[in-house]
Amino acid sequence: MSKFLLEAKNLRKTYTLGRVKVPVLRGASFMLAQGEWVAILGSSGSGKSTLLHLLGLLDECDADSGGVWFDGNPVANLKFSARNSYRNQSVGFVFQFYHLLPELSVLENALLPNKVNAGINWWFGQRAQAQQHATELLDAFGLSHRLTHRPAELSGGERQRVAIARALANQPRVLLADEPTGNLDTKTGGEILDLIAAKHRKGLSIAMVTHDPAVAARADRVVKLVDGCVAG
């Protein structure tokens, strides 16, 4: 049994753009222990977002070679339903540009992972509990007065708080954050990192992509990605 909760070994990934092949990852490896916060630091084009997407099974296709393990079990070649379950329950995602649904309220956006995971019977039986959990998360993030508002009525920092609440709706063991402060000013970005740090202190494991060394310094450990390879 691996001592790491989430692990990638020798990942290689090349994308084809027309007639051009673009190698993005060139044998990158990554390890995340239970309760650890690791920052993946790199410049634009270094492959850090691709690495995060492969860790979370967000890409339509797996890596060209190498593998990813969660809790000691390989996640490559999982069947469709198992991949969905992994993305919905084992990991949570936070993105730079929030990706909230504009037609839904704050509370409805935060409840999306519960609705995706639930059958009709489960949802009607557990809806009150799910709503209570989402409301408690949003309240802890200072959004109790915004529950019925739409994303267009929120500031950037508020939108990212909703996105984090959505990512934590199903109480995942790992948070995968792709430049969570990249679209925010320094003060607001610091507040978002404080929220993430508070969840980390309660045991949440975090893999966070960033190009900013000051943001990376908040993590327990920093992995530097250069030209698709882990430096050092």
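Within each chain, residues carry numbers counting from 1 in the order of the written sequence. Thresholds applied to this predicted model are a pLDDT of at least 70 for local features of residues and 80 or more for the giving and counting of side-chain atom pairs; totals over whole chains, interfaces and linings are not thresholded and use all residues. Neither water nor hydrogens contribute to the side-chain values; these are computed over all heavy atoms in the structure.

### Quick word on the sheet that holds strand β7 (residues 174-178)
- Here 6 strands make up an open sheet; going across it, the order is β6-β7-β8-β3-β9-β10 and the pairing mixed. Two strands close off the open sheet at either side, each with one partner strand: β6 (91-94) and β10 (229-230).
- By this definition, two strands are paired if DSSP reports at least two bridges between them. Helix and strand assignments come from DSSP, with helices taken as H or I runs of at least 4 residues and strands as E runs of at least 2, each series counted from the N terminus. Sheet topology note: the strand β9 (residues 221-226)/β10 ladder contains 2 bridges and is antiparallel. What sits directly across from V226, in β10, is C229.
- Here, residues are in contact when the closest pair of their heavy atoms is within 4.5 Å. Lines fitted to C-alpha atoms define the axes, with helix axes restricted to the stretch in contact, and inter-axis angles between N-to-C directions lie between 0 and 180 degrees. Contacting β6 and β7, helix α5 (residues 156-167) crosses the sheet at an angle of about 170 degrees to β6.
- The strands touched by helix α6 (residues 186-201) are β3 (37-41), β7 and β8 (205-210); relative to β3, the strand with the most contacts, the crossing angle is about 140 degrees.

### Details of a nonpolar patch on the surface
- Together, L17, V20 and V22 line one region of the surface with nonpolar side chains, adding up to about 250 Å² of accessible area.
- Residue position: L17 is located in strand β1 (residues 6-17). Like charges within 9 Å and nonpolar side chains (Val, Leu, Ile, Met, Phe, Trp, Tyr) within 5 Å are joined into patches, using only residues over 30% in relative accessible area that form no salt bridge. Per-residue accessibility takes into account occlusion by the displayed protein chains alone, with areas from the Shrake-Rupley method and a 1.4 Å probe. Salt bridge criterion: a side-chain nitrogen from Lys or Arg within 4 Å of a carboxyl oxygen from Asp or Glu.

### Examining the sheet that holds β1
- Strands sit in the order β2-β1-β4-β5 across an open sheet of 4 strands; the sheet is antiparallel. Each of the sheet's edge strands pairs with one partner strand only, and the pair in question is β2 (20-32) and β5 (73-74).
- The pairing of strand β4 (residues 65-70) with β5 spans 2 bridges and is antiparallel. Among the inter-strand pairings, W69 is bridged to a residue of β5, identified as P74.
- Packing of helix α1 (residues 48-55) onto the sheet brings it into contact with β1, β2 and β4, and relative to β1 it is tilted by some 120 degrees.

### Some details on α5
- Expected helix span is given by 1.5 Å per residue-to-residue step, counting one fewer step than there are residues. With 12 residues, α5 should reach 16 Å at 1.5 Å per residue; the first-to-last C-alpha distance of 17 Å fits that figure.
- Throughout, exposure labels follow a simple rule: accessible area from a 1.4 Å probe, protein chains only, divided by the maximum for the residue type, with under 20% read as buried, over 50% as exposed, and the rest as partly exposed. The buried fraction of α5 is high, at 10 of 12 residues.
- For α5, every residue scored as buried is listed here: G157, E158, Q160, R161, V162, A163, I164, A165, R166 and A167.

### Here's the deal with the nonpolar core
- Counting 38 residues, the largest nonpolar core has W37, L138, L175 and M208 as the members making the most contacts within it.
- The set of elements that each furnish at least two residues to this core consists of β3, α3 (106-117), α4 (120-140), α5, β7, α6, β8 and α7 (213-216).
- Setting aside residues no more than four positions away along its own chain, W37 makes contact with L193, I196, A197, H200, I206, M208, R218, A219, D220 and R221.
- Grouped together as the second largest cluster of nonpolar side chains are 27 residues, A8, F93, V209 and V223 included. Joining through side-chain atoms within 4.5 Å is the link that ties buried Ala, Val, Leu, Ile, Met, Phe, Trp, Tyr and Cys residues into a set, and such a set is a nonpolar core.

### Considerations on α6
- For α6, built from 16 residues, the straight-helix expectation of 22 Å at 1.5 Å per residue is met to within 8% by its first-to-last C-alpha distance of 22 Å.
- Those residues of α6 lying buried are T188, G189, I192, L193, L195, I196, A197 and H200.
- Where the residues of α6 are buried, they touch β3, α5, β7, β8 and α7.
- Any pair of N or O atoms that falls within 3.5 Å is considered a polar contact. Within protein, one atom must be able to donate a hydrogen and the other to accept it, and sequence-neighbouring residues count only if both atoms are side-chain atoms. Of the residues flanking the start of α6, the one acting as N-cap is D185, its side-chain oxygen 3.1 Å from the backbone nitrogen of K187.
- G203 lies just past α6 and shows a positive phi near 115 degrees.

### Points about the pairing of β8
- Among the 6 residues of β8, 6 are classified as buried, and the element is accordingly described as predominantly covered.
- By the bridge criterion, 5 bridges tie β3 to β8 in an arrangement that is parallel. Bridge assignment links W37 to a residue of β8, and that residue is I206.
- When β7 meets β8, the two strands line up parallel, connected through 5 bridges. In the strand pairing of β8, L175 is matched with I206.
- With the strands aimed away from the viewer, a crossover counts as right-handed if its path from the first strand over the helix to the second runs clockwise. Chirality of the crossover, the property in question, places the unit of β7, α6 and β8 among those that are right-handed.

### Comments concerning the pairing of β3
- When you tally the buried positions in β3, you get 5 out of 5 residues, the bulk of the element.
- Across the two faces of β3 the burial is the same, with W37, A39 and L41 and V38 and I40 all buried.
- Here β3 pairs with β9 via 4 bridges, running parallel. Bridge pairing in β9 places V38 opposite R221.

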